[in-house]
Amino acid sequence: MTSTTTSQQELFRFLEDRFACAQACTECARACALRASLVDPDGTEKQELLRRRGIMCAEVCDATCRVLSEQNQVDEAAIRAQLDWCRQVCLESAHAFDEHPGAEEGAKACRDCARACGEFLDTLR
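Rules and cut-offs
Residues numbered from 1 in each chain as written. Predicted model: local features only at pLDDT ≥ 70, side-chain atom pairs only at ≥ 80, totals over all residues. Heavy atoms only, no water. Helix = DSSP H or I, 4+ residues; strand = E, 2+ residues; numbered from the N terminus. Buried < 20%, exposed > 50% of the residue type's maximum accessible area, 1.4 Å probe, protein only. Contact = heavy atoms within 4.5 Å. Patch = residues over 30% accessible without salt bridge, like charges linked within 9 Å, V, L, I, M, F, W, Y side chains within 5 Å. Areas by Shrake-Rupley, 256 points an atom, 1.4 Å probe, with all protein chains shown as cover. Salt bridge = Lys/Arg side-chain N within 4 Å of Asp/Glu carboxyl O. Axes fitted to C-alpha atoms, helices over the stretch in contact; angles between N-to-C directions. Parallel < 35°, antiparallel > 145°, perpendicular 65-115°, else oblique. Left-handed = near helix turned anticlockwise from the far one by under 90°. Nonpolar A, V, L, I, M, F, W, Y, C, P; charged D, E, K, R; others polar. Expected span 1.5 Å × (residues − 1). Disulfide = S-S within 2.5 Å. Core = buried A, V, L, I, M, F, W, Y, C linked by side-chain atoms within 4.5 Å.

The next thing to look at is the environment of F19. With respect to the helices and strands, the residue F19 is situated in helix α1 (residues 2-38). The exposed category is assigned to F19, whose relative accessible area is 56%.

So, in structure tokens, the structure goes:
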């Protein structure tokens, strides 16, 4: 009976981590899309790169959310690859946002998402 309880606890933990990761991805996508919309499209090349970074991060986070919601339709290797990609893009975006005053919220959302993806990846190993 203990193994059933342990299995149930592991399943609950897995589902909680998956939900937390999806929630962080959603928040990061929102923050990055907002950040991208605040950048003047006729601005400098550096501003355009920041806008593109925000759009890319939002798209990757959104795709990761979709993968996480397709519970049985995606194999574990694909989930791992998506989570790792999302984690990397979020960290790169956070570093890019760090260089721009006013982008602190986006950088924090990216770091939170990268952390959630990493923690969920750990449960898959």
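Here we come to the side chain of D17. Within the secondary structure layout, D17 lies in helix α1. Once residues within four sequence positions are removed from consideration, D17 is found in contact with F120 and T123.

With that out of the way, let us pick up a nonpolar patch on the surface. A cluster of nonpolar residues, L11, F12 and L15, forms a patch on the protein surface that exposes about 280 Å² of accessible area. Along the chain, L15 falls in helix α1. Relative accessible area serves as the criterion here: at 33%, L15 is assigned to the partly exposed category.

To continue, consider the environment of A96. The residue A96 is located in helix α3 (residues 76-98) in this model. By relative accessible area, A96 is classed as partly exposed at 22%. Apart from residues no more than four positions distant in its own chain, A96 is found in contact with L50 and R53.

Right, let's talk about the packing of α3 against helix α4 (residues 104-124) for a bit. Across the interface, α3 lies against α4 with an axial gap of 8 Å and an inter-helix angle of 155 degrees. Taken together, the axis directions place α3 and α4 in an arrangement best described as roughly antiparallel. Pair α3 / α4 crosses with left-handed handedness. Each residue belonging to the contact of α3 with α4 can be placed in one class, and the counts come to 15 nonpolar, four polar and six charged.

Okay, α4 next. Spanning 21 residues, α4 covers 31 Å between terminal C-alpha atoms, matching the ideal 30 Å at 1.5 Å per step. Buried residues of α4: G106, A107, A109, C110, C113, A114, A116, C117, G118, F120, L121 and L124, and no others.

Looking at the secondary structure, you find T64 in helix α2 (residues 45-69). With residues near it in sequence (within four places) discarded, T64 still touches C25, Q82, L83 and C86.

Let us look at the state of the cysteines. One pass over the full model with this rule turns up zero disulfides. With no disulfide of its own, C90 lies closest to C61 among cysteine sulfurs, the gap being 3.6 Å. Here C110 stays unpaired: no disulfide links it, and the sulfur of C32, its closest cysteine neighbor, is 3.5 Å away. Using a relative accessible area of 0% as the deciding quantity, one classes C110 as buried.

This part takes up the nonpolar core. Membership of the largest hydrophobic core comes to 36 residues, with the highest contact counts inside it found for C28, C61, L83, C90 and C113. Every element with two or more residues in this core is listed here: α1, α2, α3 and α4. Looking at this core element by element, the count peaks at ten residues for α4. With sequence-adjacent residues up to four places away left out, C61 is seen in contact with C25, C28, A29, C86, C90 and C113.

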